[in-house]
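# Descriptive structure summary
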Amino acid sequence: MLLSSIFCLILSNALSFRRDTAILYSRIGIIILFYCIYLCYNNLFITYLDNGIGLFGGLFYTSPITQTFHILIFIITLLILNLTGFYPRKLISSQYLSLSNLLFTKLQFVKNIAVSNIILKKGEQYTILEYTLMLLFIVIGSLLLISSSDLVSIFLSIELQSYGLYLLCTMYRNSESATSAGLTYFLLGGLASCFILLGIALIYANLGVTYLDSFYVINNLAGVLDEQQITIYIPYCLLLITIGLLFKISAAPFHFWSPDVYDGIPTIVTTFVAIIAKISILTLLLQLVHYTNSIYITSQYTWTTSLLISSLLSLVIGTVLGLTQFRIKRLFAYSTISHLGFMLLALTINSVESIQSFIFYLAQYSLSNLNAFILLIAIGYSLYAYNDKNINHNNLIDKNNSPIQLISQLKGYFHINSFLALSLTITLFSFAGIPPLMGFFAKQMVFSAALQEGFIFLTLIGVLTSVISAVYYLFIVKTMFFDGHSYTYFSSLKDLRIPALVLQKNKVVNKIYFNSKFSLSSSLSITISILTLIILLFMFMPNETLHLSNILAIILFIPGNI
Amino acid sequence: MSLLLLLIPLIGISLVTIETNYGLSIVNNIKIKSIALTTTIINLIVSLIMFILFDFSSKQFQFIEEHYQVSYFDVYLGVDGLSIYFILLTTIIMPVAILSNWNSIQSKNVLSFVVIMLLLETLLLAVFLVLDVLLFYIFFESILPPLFLLIGLFGSSNKVRASFYLFLYTLLGSLFMLLSIIVMSSIMGTTDFDALSKANFSYITQLFLFYGIFIAFAVKTPVIFLNTWLLKAHVESPLSGSIILAGIVLKLSLYGIFRLMLPLLPKASLNFTYIIYVIGVITIIYASFSTLRTIDIKELIAYSSVSHAAVYLIGAFSNTIQGIEGAIVLGLAHGFVSPALFICVGGILYDRSSTRLITYYRGMAQIMPIFSILFFILCLGNSGTPLTFNFIGEFMSLYGAFERMPILGILASTSIVLSAAYTIFMYNRIAFGGSYSVYFVENIGDVTRREFILLLVFVVFTVLFGIYPAPILDGLHYSVSSLIYNIN
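Residues numbered from 1 in each chain as written. Chains lettered and ligands numbered in written order. Predicted model: local features only at pLDDT ≥ 70, side-chain atom pairs only at ≥ 80, totals over all residues. Heavy atoms only, no water.

## Some words on the overall build of chain A
Regarding its fold elements, chain A presents 23 helices and 9 strands. When each of the 562 residues of chain A is scored for burial, the buried share is 60%. Of all intrachain contacts in chain A linking residues separated by at least 6 positions in sequence, the fraction that spans at least 24 positions is 79%. When the accessible surface of chain A is totalled, it reaches about 22,100 Å², and 66% of it is carbon and sulfur. (Helix = DSSP H or I, 4+ residues; strand = E, 2+ residues; numbered from the N terminus. Buried < 20%, exposed > 50% of the residue type's maximum accessible area, 1.4 Å probe, protein only. Contact = heavy atoms within 4.5 Å. Areas by Shrake-Rupley, 256 points an atom, 1.4 Å probe, with all protein chains shown as cover.)

In structure tokens:
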């Protein structure tokens, strides 16, 4: 069933503890993830899955929603592992491109110091062996979190996920900023966990249950019986848990850690930290909000009103504070906060349409955010061959691990590699919600759901903030397109010819020379182009995604009737 | 055939990119540009064929193409008596726009210029072709990124500010329109124009929808105090950008009024006519006086666009056949004259002297006689002199306005005097006003053949339709009469 995939993960991790190169290790991770996707996809066809099936004595459960988000997480992790699983640059020789030559010949580079300084220059990500292992553990944590149906298992899996993330942040031991950011993350995350634990403890003390289903039943019964003594604590307990959860997804007003942490840790890790934790916790919140929406603090307000407040604050803070950022990862952190505002809004409305929009928003935002970070990494790789004349850019801390840190480093990038610049532009416009792109449809669905349920004020705030946030997205676009760049191609690379030996059955057949035209390796370029095309051409094939989210939302509302 | 119109520029884009990336010969900028030009001309021919085949005795949508399989939001294209003229306007202006920047784009940027232009053509045509409100909004908005890049990449000194203004102003306005469209679709459950026009929204709903949509179109038209983006964008953008902005993008709001406001929200439009008229009259007078004082020639013409736009805005809301037809005619006429004036000052004069300030020009009639004649005809057009196309449009718009609200109509009619004043004043300062300016050290040549053709296209259209407007007015009668709302 569901957990067989997880066991498979753990087992394969335990077995493959060979000290091989990290690249091989990531590739094993990719294969594992492919297998997991296959398993998850098969699980979707289980009968009675619509009602949700309890596992392990009710500690966990599985339903179409959990399965779908599992697949989403697998896909995203797969793409992230893809970044470390392959070398970032390649050289192409048209001479040996035919299939038989590709299969039966081998290439060996002749050692050359000038070349290896630049071509083989790589961040620390290729030397850390535990990277894949940590990633897979975090993925296990988030999978369990998505499908947990017991307060205890919620806490345990949150901790599993969070500890993995803390460790992942501090994994680059040589980098000062990464370790300090990891420590910040750990301390504040620990605080958040305390809140969650407190909430859980209070619920247990008052109701005597930890099992979520019975918890929901008690809630609804209490609403009918009008026994105020039982339910009076519940909203506050839920509020405490929610504070903890909002802390972990860095929604305002609990967002202070996220820009620092994002900025401090290496870009590859940021990609993972920014996306995975949000998917799992937001999916958990979806279940929680949906079933406990009817608990009232007073006669008018449900406890989810606090989520609305958080949504409003996220929208405002994410956009306004983002305006002053000049470090690109901090800016992405703030943009994430403002997008969280939209997601929380959709989450709190809790109608069929809003849940649909929530699911769609979460999926599309994860994918486009992933694309943005991959693009940042790719841009960093492509700039290795260039010499930056701007002195400010050469003295950045931790430049090896996250080469692009300032927005001004992207100056005039359009004139260096127009396709990467265009892809980033498309992604950013999608963030801003410009029509034919995917982000627009998500925003439009959220607005539509909000207007239908009468949240006019928040809709107007959403409109205003999306215009304001367009300013900083446009600023990046402007930097890339309209400014001149300060990069010069390394002079030693200009007329460099890189010798390589062609081997056939271990015999040297030929010696060929590559000219110094580096290009991004196919793993990066294919990933980027697929994601960008999905964002760009979403308008022409929205059926599958929209129907999927629609069906999931309907299933949540009418279980058993589909 | 409507789909063909949209696909031809896209095919052009792919041809151009393939040519540069995989072309066997050395990348040739002339070749890239001529591919783009050919593409737009083919598109012009297709649209002319469409115009010939168009059945003007019907007010149904024609050349309808529906593609339900393609998209969740049905790709549903069609043309009626209103949109056919805007489509023709677009296809006429696009080749001119590409031709106008033929020499002034730096060689390494030619590819991106051409791609942006062709993309803009597709998106603009799509706005006029789609018969679905949501798709209308999508394409209405999606012209922003290409325009942003066009102005930012090829604009003059203050381009960044201009492109930001353009993008943000329009985005803010349009998002309110999005809210209105969402409300419409959630009430009716459909976003189809035909189905929506059968609906009768309650009065209060109409009011809110009206506000939302009007904010978007007020920014796009633009009315006074919301026109900052227009001036900046016009002044800083490259010549082709100005041409497209003045010729087509400003007409999007006019077209939107006929598509979204008049048929869908008749009661609200009728009851709020006076607000629009007051705004329009203020715009006309204020913009005209500002135009008199402006010394940047490009900004001057941009400002005159603002006051003309207010005239056709007033005409469009007059609820008379003459007024609405006049609005469309003035829109088309302005779409011919204003780009031509931009070519005159932003292209011909600026290329030769590299200044836009009117104070540096004097006595151009002595050294550029052909230019001065063409420029003079266009200036007459801009001020709405009889026998030009603008005159017909302006007269009919003001006639409609006067019939609807006499006092405000009279005030609006000051535009006749004021537009003549600022246009002739400008012409006088440039063409005459003493001898050849001492600021120019070298001699300035008269128009080249390329520039002459560009201007001639517009001059011929303006004068020809000014003398014989029947081809356009006849086609409009049927479609316009369905927009009239009878209070009884």
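We are not done yet, so read on.
## Looking at the overall build of chain B
Counting its secondary structure elements, chain B contains 22 helices and 2 strands. Expected size for 488 residues packed as a compact globule is a radius of gyration near 23 Å; at 22 Å, chain B falls within 12% of this value. Expressed as a percentage of the 488 residues in chain B, the buried residues total 64%. Looking at chain B alone, contacts between residues at least 24 apart form 81% of all its contacts between residues at least 6 apart. With an accessible surface of roughly 17,000 Å², chain B has 67% of that area assigned to carbon and sulfur atoms. Between the centroid of the 21 positive side chains of chain B and the centroid of its 22 negative side chains there is a distance of 11 Å. (Rg over C-alpha atoms; globule rule 2.2 N^0.38 Å. Lys, Arg positive; Asp, Glu negative; His and termini not counted. Charge placed at Lys NZ, Arg CZ, Asp CG, Glu CD.)

## Topic: the nonpolar core
Counting 353 residues, the largest nonpolar core has B:Phe136, B:Met177, B:Phe258 and B:Phe375 as its most contacted members. Of all the elements, helix α16 (residues 352–382) of chain A adds the most residues to this core, at 19 residues. Ignoring any residue separated from it by four or fewer positions in sequence, one finds B:Met177 in contact with B:Phe136, B:Tyr137, B:Phe140, B:Gly212, B:Ile213, B:Ala216, B:Phe217 and B:Leu260. (Core = buried A, V, L, I, M, F, W, Y, C linked by side-chain atoms within 4.5 Å.)

## With respect to the interface of chain B and chain A
Across the contact, 35 residues belong to chain B and 35 residues belong to chain A. On inspection of chain B and its partner chain A, the count reaches 0 salt bridges. Summed over the shared surface of chain B and chain A, the number is 0 residue pairs in polar contact (both at pLDDT 80 or more). Put simply, the parts of the chain that give the side of chain B that touches chain A at least two residues each are α5 (133–142), α6 (144–154) and α7 (159–188) of chain B. Per-element tally for the side of chain B that touches chain A: the top contributor is α7(B), with 15 residues. Looking at the side of chain B that touches chain A residue by residue, the classes come out as 24 nonpolar, 9 polar and 2 charged. (Salt bridge = Lys/Arg side-chain N within 4 Å of Asp/Glu carboxyl O. Polar contact = N/O pair within 3.5 Å; in protein donor to acceptor, adjacent residues only side chain to side chain. Nonpolar A, V, L, I, M, F, W, Y, C, P; charged D, E, K, R; others polar.)

## Description of the domain arrangement of chain B
Residues and elements named next belong to chain B. Splitting chain B by domain gives domain 1 (1–130) and domain 2 (131–483). In this assembly, 43 residues from domain 1 lie in contact with 51 residues from domain 2. Between domain 1 and domain 2 lies a buried interface of about 4,400 Å² when both sides are counted; carbon and sulfur atoms form 80% of it. The largest share of the area that domain 1 buries against domain 2 comes from Leu-82, Tyr-85 and Val-130, three residues that together contribute 15% of it. Counting every contact that joins domain 1 to domain 2 gives 1 salt bridge. Ionic pairing is found between Arg-259 and Asp-80, a salt bridge with its closest N-O pair at 2.9 Å. Scanning the region where domain 1 abuts domain 2 turns up 8 residue pairs in polar contact (both at pLDDT 80 or more). (Domains from an automatic or database assignment. Buried area = accessible area lost by both parts, 1.4 Å probe.)

## A short note on the UniProt feature "domain: NADH:quinone oxidoreductase/Mrp antiporter transmembrane" (unreviewed entry) in chain B
Feature annotation in UniProt places "domain: NADH:quinone oxidoreductase/Mrp antiporter transmembrane" (unreviewed entry) on residues 132–418 of chain B, given in this structure's numbering. As a span, residues 132–418 of chain B carries 82% helix and 0% strand, and end to end its C-alpha atoms are 39 Å apart. (UniProt positions renumbered as here; feature names shortened; annotations may be inferred.)

## Things to note about the environment of A:Phe455
Residue and element names in this part refer to chain A. Looking at the element boundaries, Phe-455 is found in the loop between α19 (438–452) and α20 (456–481). Residues Phe-455 and Ser-335 lie 120 residues apart in sequence; the distance between their C-alpha atoms is 22 Å. Residue contacts for Phe-455: discarding those within four places in its chain leaves Leu-308, Ile-349 and Ala-450.

## Examining the pattern of salt bridges
Pairs can form between side chains of opposite charge whenever their charged atoms are close. Evaluation of the coordinates by the stated rule reveals 8 salt bridges over all chains. Put simply, A:Asp260 and A:Arg330 hold a salt bridge, and the shortest N to O gap is 2.8 Å. Here A:Asp260, found in helix α12 (residues 257–264), pairs with A:Arg330, found in helix α15 (residues 328–349); they are 70 residues apart in sequence, far enough to count as distant. Three or more residues are tied together by salt bridges with common partners; here these are B:Arg352, B:Arg450 and B:Glu451.

## Describing the pairing of strand β2 (residues 75–79) of chain B
Residues and elements named next belong to chain B. Of all 5 residues in β2, 5 are buried, a share of seventy percent or more. A two-sided burial pattern is seen for β2, the buried positions comprising Val-75, Leu-77 and Val-79 on one face and Tyr-76 and Gly-78 on the other. With 4 bridges connecting them, strand β1 (residues 62–67) and β2 associate as antiparallel partners. From the neighbouring strand, Glu-65 faces β2, where its bridge partner is Leu-77. (Pairing = 2+ DSSP bridges.)

## Considering a nonpolar patch on the surface
A surface patch of nonpolar side chains, amounting to about 420 Å² of accessible area, comprises A:Leu533, A:Leu536, A:Leu537, A:Phe540 and A:Met541. Within the secondary structure layout, A:Met541 lies in the loop between α22 (522–536) and α23 (543–557). (Patch = residues over 30% accessible without salt bridge, like charges linked within 9 Å, V, L, I, M, F, W, Y side chains within 5 Å.)

## Here we look at the side chain of A:Asn371
Residue and element names in this part refer to chain A. Inspection of the secondary structure assignment puts Asn-371 in helix α16. Within the structure, the side chain of Asn-371 is placed 3.2 Å from the side chain of Thr-427, a separation counted as a polar contact. Once you skip the residues sitting within four places of it in the chain, Asn-371 turns out to touch Thr-427, Ile-528, Leu-531, Thr-532 and Ile-535.

## Some words on the packing of helix α13 (residues 273–293) of chain B against helix α14 (residues 297–316) of chain B
Residues and elements named next belong to chain B. At their nearest, the axes of α13 and α14 sit 8 Å apart, and the two run at 160 degrees to each other. Our classification of the angle between α13 and α14 gives roughly antiparallel. Like other packed secondary-structure pairs, α13 and α14 cross with a definite hand, here left-handed. The residues of α14 that touch α13, namely those facing Ile-276, Tyr-277, Gly-280, Val-281, Thr-283, Ile-284, Ala-287, Ser-288, Ser-290 and Thr-291, are Leu-300, Tyr-303, Ser-304, Val-306, Ser-307, Ala-310, Val-311, Leu-313 and Ile-314. (Axes fitted to C-alpha atoms, helices over the stretch in contact; angles between N-to-C directions. Parallel < 35°, antiparallel > 145°, perpendicular 65-115°, else oblique. Left-handed = near helix turned anticlockwise from the far one by under 90°.)

## A word on helix α15 (residues 321–353) of chain B
Residues and elements named next belong to chain B. With 33 residues, α15 ought to run about 48 Å at 1.5 Å a step, and its terminal C-alpha atoms sit 46 Å apart, in line with that. The element α15 is largely enclosed, with a buried count of 28 among its 33 residues. Trailing α15 by a residue or two, Ser-354 shows a phi angle of about 60 degrees, which is positive. (Expected span 1.5 Å × (residues − 1).)

## Notes on the confidence of the model for chain B
On average, residues of chain B score 86 in pLDDT, and 95% of them reach the 70 mark or higher. With a pTM of 0.89, the predicted complex shows an ipTM of 0.90. (pLDDT = per-residue confidence, 0-100.)

## Topic: the packing of α19(A) against α7(B)
The contact between α19(A) and α7(B) brings their axes to 10 Å, and the two run at 60 degrees. Seen from above, α19(A) lies across α7(B) with right-handed handedness. Of α7(B), the residues touching α19(A) (which contributes A:Phe440, A:Gln444, A:Phe447, A:Ser448, A:Leu451 and A:Gln452) are B:Leu178, B:Leu179, B:Ile182, B:Val183 and B:Ser186. Looking at the contact of α19(A) with α7(B) residue by residue, the class counts come to 7 nonpolar, 4 polar and no charged.

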